[in-house]
Amino acid sequence: MKILVINSGSSSLKFQVIDSDSEQVLAKGLCERIGIDGSFTYRTLEGISLKESIAMENHTQAVHTLLDTLVDPQKGILENFQEIDVIGHRLVHGGEKFTGSVVITDEVIQAMTECNDLAPLHNPANLVGVDACRKLMPDTLMVGVFDTAFNQTMEPKAFLYGLPYRYYEKYKVRRYGFHGISHKYVSQRAAEFLGQDPRKVKTIVCHLGNGASISAVKYGKVIDNSMGFTPLEGLVMGTRCGDVDPGALEFLIKKENLDFPQIMAILNQESGVLGISKNFSSDFRELKDAEIKYNEKAALAREIFAYRVAKYVGSYAAAMNGVDNIVFTAGVGENDSDIRQEICEYLEFLGITIDEVKNREQGEAFRISDGISRVNVLVVRTNEELEIARETAAVAREVQKEGTLTS
Ligand code: ADP
């Protein structure tokens, strides 16, 4: 099955064409600066590579651009659009309605639109991508894969805040958790790498990128995730603050005479390691370089980041009454061996010991714990697009079985 995977954001749209049988990426690309000027990057398995400025006024034009390229006689990989069997869309927030992947129908779009309040930055942008594909390929089956769905197995004791219960009843104010597509892929890939049955192990996944979250996956199901009602809760991130006492926010609002959009912009875009390092950088490579040159705030930002990760790992080990695997993933988790080392030093009480040579390796999946460590510590490269393709293929197969090709 050939699957077009779409990840549509407010001004960008990432795509991949994946053969679900071989799991090879036949082509991938990125439409950027949609609605501004337009830039298009594209690469194929066969080695064709291009980066062009192409005017893209809206997402429909972006989808047009990518489809035209995919069927182009010189650059393309398809004879025609009909070769795409199904389109899989990454959808950020499915609220409590979506606990798994679904065929995108008018009803699903309606239900997602009702979730827009919960994810005003992401859901409308996702839906614009869906709409653009529906316009240009109305007869192709489309599947929605939600970033919140894998976390929907959390129990009320994990997902409820200590707020009046009526706010959950009235507005569904609760913790949802994010990065579910990555947490699912990585926890399963780690078990596969170790030759384990994922339904029999307790795994903590540390997705440490610019956005960062940790999940506790017990016997294949998420029991907790560090992100909350929005992706702002939990770890200190690139530019997001993570856990903060709401009382401190009231204090700041008064002292600095801020309104709500202003404080939210500070918490989302000016905080995290960027804010702690006094605006030096949100990029962990730059912070590391600065730390080596004795930039104290850059060093402090990395220290706070690692300390918060270790605290969450410790609490999730308690929540699961033990842990078999700890897995690092995403930009920082996959590449920053110093941060991994620092985090693991806090975790020696769990019987974790790291092989410093292995920790400096690079690769798709590798173990960094040594032979005597009581917990397997791994690095696994996340692959959200492949997970979306797998989910999409599974839903498409169900549809084929039922013989109800709904689009
Ligand atoms: P997101 O998808 O949330 O934007 P990524 O998973 O792509 O984030 O991670 C981006 C982060 O990864 C950047 O902040 C960058 O600092 C970090 N990163 C990438 N490569 C390295 C590296 N070699 N060493 C340390 N950090 C790295």
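Report on the accompanying structure. Please read these numbers as outputs of a predicted model, since none were measured by experiment.

1. Focus on the site of the ligand
Part 1 of the reasoning: Contacts to the ligand come from Gly209, Asn210, Gly211, Ser282, Asp283, Phe284, Arg285, Ala330, Gly331, Val332, Asn335 and Asp336.
Part 2 of the reasoning: Between an oxygen atom of the ligand and a side-chain N or O atom of Asp283, the distance comes to 2.8 Å.
Part 3 of the reasoning: A distance of 3.4 Å separates an oxygen atom of the ligand from a polar backbone atom of Val332.
Part 4 of the reasoning: Calculation on the ligand without its partners gives an accessible area of 580 Å², and the protein chains cover 64% of this total.
Part 5 of the reasoning: Contributions of two or more residues to the shell around the ligand are made by α10 (284–292) and α12 (330–335).
Part 6 of the reasoning: It is α12 that provides the largest number of residues to the shell around the ligand, a total of 4 residues.
Part 7 of the reasoning: Taken together, the residues that form the shell around the ligand break down as 3 nonpolar, 6 polar and 3 charged.

2. As for the side chain of Gln16
Part 1 of the reasoning: Within the element layout of this structure, Gln16 appears in strand β2 (residues 13–19).
Part 2 of the reasoning: The residues touching Gln16, leaving out its near neighbours within four places in the chain, are Ile3, Leu4, Val5, Val25, Ala27, Lys28 and Glu385.

3. Quick look at the environment of Met142
Part 1 of the reasoning: Note that Met142 resides in strand β8 (residues 141–146).
Part 2 of the reasoning: Given the relative accessible area of 2%, Met142 is considered buried.
Part 3 of the reasoning: Measuring from C-alpha to C-alpha, the distance between Met142 and Ala396 comes to 8.6 Å, with 254 residues separating the pair along the chain.

4. Re the sheet that holds strand β10 (residues 212–218)
The strands that make up a sheet pair up through hydrogen bonds in the backbone, lying either parallel or antiparallel.
Part 1 of the reasoning: The 6 strands lie next to each other as β11-β10-β9-β12-β14-β13, forming an open sheet whose pairing is mixed. In this open sheet, the two strands that pair with only one neighbour each are β11 (221–225) and β13 (365–367). Pairs of neighbouring strands in the sheet enclose a mean axial angle of 25 degrees, with direction left out of account.
Part 2 of the reasoning: Taken together, the 4 bridges between β10 and β11 define a ladder with antiparallel strand orientation. Among the inter-strand pairings, Ala216 is bridged to a residue of β11, identified as Asp224.
Part 3 of the reasoning: Across the face of the sheet, helix α6 (residues 180–194) comes into contact with β9 (202–208), β10, β11, β12 (325–329), β13 and β14 (376–380) while running at roughly 120 degrees to β14.

5. With respect to unusual backbone geometry
The general pattern is negative phi for most residues beyond glycine and trans for most peptide bonds.
Part 1 of the reasoning: Of note in the backbone geometry, Lys172 takes a positive phi value of approximately 60 degrees without being a glycine.
Part 2 of the reasoning: By the element assignment, Lys172 lies in the loop between α5 (165–171) and α6.
Part 3 of the reasoning: Residue classification places Lys172 among the partly exposed positions, given a relative accessible area of 33%.

6. Looking at the pairing of strand β6 (residues 86–91)
Part 1 of the reasoning: Burial runs high along β6: 6 of the 6 residues are buried.
Part 2 of the reasoning: The side-chain alternation of β6 yields two buried faces, one formed by Val86, Gly88 and Arg90 and the other by Ile87, His89 and Leu91.
Part 3 of the reasoning: Note that β6 and β8 share 6 bridges and pair parallel. Pairing of Gly88 across the sheet is with Val143, part of β8.

7. Some points on the pairing of β8
Part 1 of the reasoning: Among the 6 residues in β8, 6 count as buried, and that is most of the element.
Part 2 of the reasoning: Of the two faces of β8, both are covered, the one formed by Leu141, Val143 and Val145 as well as the one formed by Met142, Gly144 and Phe146.

8. Looking at the sheet that holds strand β1 (residues 2–8)
Part 1 of the reasoning: Reading across from one edge, β5-β4-β3-β2-β1-β6-β8-β7 is the order of the 8 strands in this open sheet, with mixed pairing throughout. Of all strands in the sheet, those with a lone pairing partner are β5 (49–53) and β7 (102–103), marking the two edges.
Part 2 of the reasoning: Pairing analysis gives 4 bridges linking β1 to β6, with the strands arranged parallel. When the sheet's bridge partners are listed, Val5 is paired in β6 with Gly88.
Part 3 of the reasoning: Sheet strands touched by helix α1 (residues 59–71): β1, β2, β3 (24–32) and β4 (39–44). Its angle to β2, the strand with the most contacts, is close to 35 degrees.

9. Brief notes about a nonpolar patch on the surface
Part 1 of the reasoning: A surface patch of nonpolar side chains, about 300 Å² in accessible area, is lined by Leu163, Tyr167 and Tyr171.
Part 2 of the reasoning: Mapping Tyr167 onto the fold places it in helix α5.

10. Brief notes about the packing of α1 against helix α3 (residues 123–136)
Part 1 of the reasoning: At a closest axis distance of 8 Å, the pairing of α1 and α3 adopts a crossing angle of 55 degrees. Considering the angle they form, α1 stands oblique to α3. The interaxial crossing formed by α1 with α3 has right-handed handedness. Contacts between α1 and α3 involve His59, Thr60, Val63, His64 and Leu67 from the first element and Val128, Ala132, Cys133, Lys135 and Leu136 from the second.

11. Thoughts on the packing of helix α2 (residues 106–114) against α3
Part 1 of the reasoning: Where α2 meets α3, the axes come as close as 10 Å, and the angle between the chain directions of the two elements is 160 degrees. The pairing of α2 with α3 is recorded here as roughly antiparallel in orientation. Regarding α2 and α3, the two cross each other, and that crossing is left-handed. Together, Asp106, Ile109, Met112 and Thr113 of α2 and Asn123, Leu127, Val130 and Arg134 of α3 make up the contact between the two elements.

12. Considering the pattern of salt bridges
Part 1 of the reasoning: Tallied over the full model, the rule gives 23 salt bridges.
Part 2 of the reasoning: A salt bridge links Arg189 to Glu364; its shortest N-O distance comes to 2.8 Å. Of this pair, Arg189 sits in helix α6 while Glu364 sits in the loop between α14 (356–359) and β13, and the two are 175 residues apart along the sequence.
Part 3 of the reasoning: Note on Arg189: relative accessible area 17%, which makes it buried.
Part 4 of the reasoning: One salt-bridge network, in which partners are shared between bridges, spans Lys288, Glu291, Arg302, Asp336, Asp338 and Arg360.

Conventions and cut-offs
- Within every chain, residues take consecutive numbers counted from 1 along the sequence as written.
- Reporting of local features is limited, given that this is a predicted model, to residues whose pLDDT is at least 70; pairs of side-chain atoms are given and counted only at 80 or more, and all residues count toward the totals for whole chains, interfaces and linings.
- Only hydrogens and water are set aside when side-chain values are computed; all heavy atoms of the structure are taken into account.
- Summary of the distance rule: residues count as near a molecule or strand when at least one heavy atom falls within 4 Å of that molecule or strand.
- Under the rule applied, a polar contact is a pair of N or O atoms within 3.5 Å (in protein, one hydrogen donor and one hydrogen acceptor; residues adjacent in sequence only if both atoms are side-chain atoms).
- Per-residue accessibility takes into account occlusion by the displayed protein chains alone, with areas from the Shrake-Rupley method and a 1.4 Å probe.
- Helix and strand assignments follow DSSP, with helices taken as H or I runs no shorter than four residues and strands as E runs no shorter than two, numbered in order from the N terminus.
- Amino acid classes used here: Ala, Val, Leu, Ile, Met, Phe, Trp, Tyr, Cys and Pro are nonpolar; Asp, Glu, Lys and Arg are charged; the rest, including Gly, are polar.
- By definition, residues are in contact when any of their heavy atoms lie within 4.5 Å.
- Each residue is assigned to one of three classes by its accessible area relative to the maximum for its type, calculated with a 1.4 Å probe on protein chains only: buried under 20%, partly exposed between the two thresholds, exposed over 50%.
- A strand pair is defined by DSSP finding two or more bridges across the two strands.
- Between the N-to-C directions of two axes lies an angle of 0 to 180 degrees, each axis being a line fitted to C-alpha atoms and, for a helix, fitted only over the stretch in contact.
- By definition, no residue in a patch forms a salt bridge, and every one has over 30% relative accessible area; like charges are joined within 9 Å, nonpolar side chains (Val, Leu, Ile, Met, Phe, Trp, Tyr) within 5 Å.
- By definition, a salt bridge exists where a carboxyl oxygen of Asp or Glu is found within 4 Å of a side-chain nitrogen of Lys or Arg.
- Angles are sorted into four bins: roughly parallel if under 35 degrees, roughly antiparallel if over 145, roughly perpendicular if 65 to 115, and oblique for all others.
- Whether a crossing is left-handed or right-handed is set by the direction in which the near helix is turned from the far one by less than a right angle, anticlockwise for left-handed and clockwise for right-handed.

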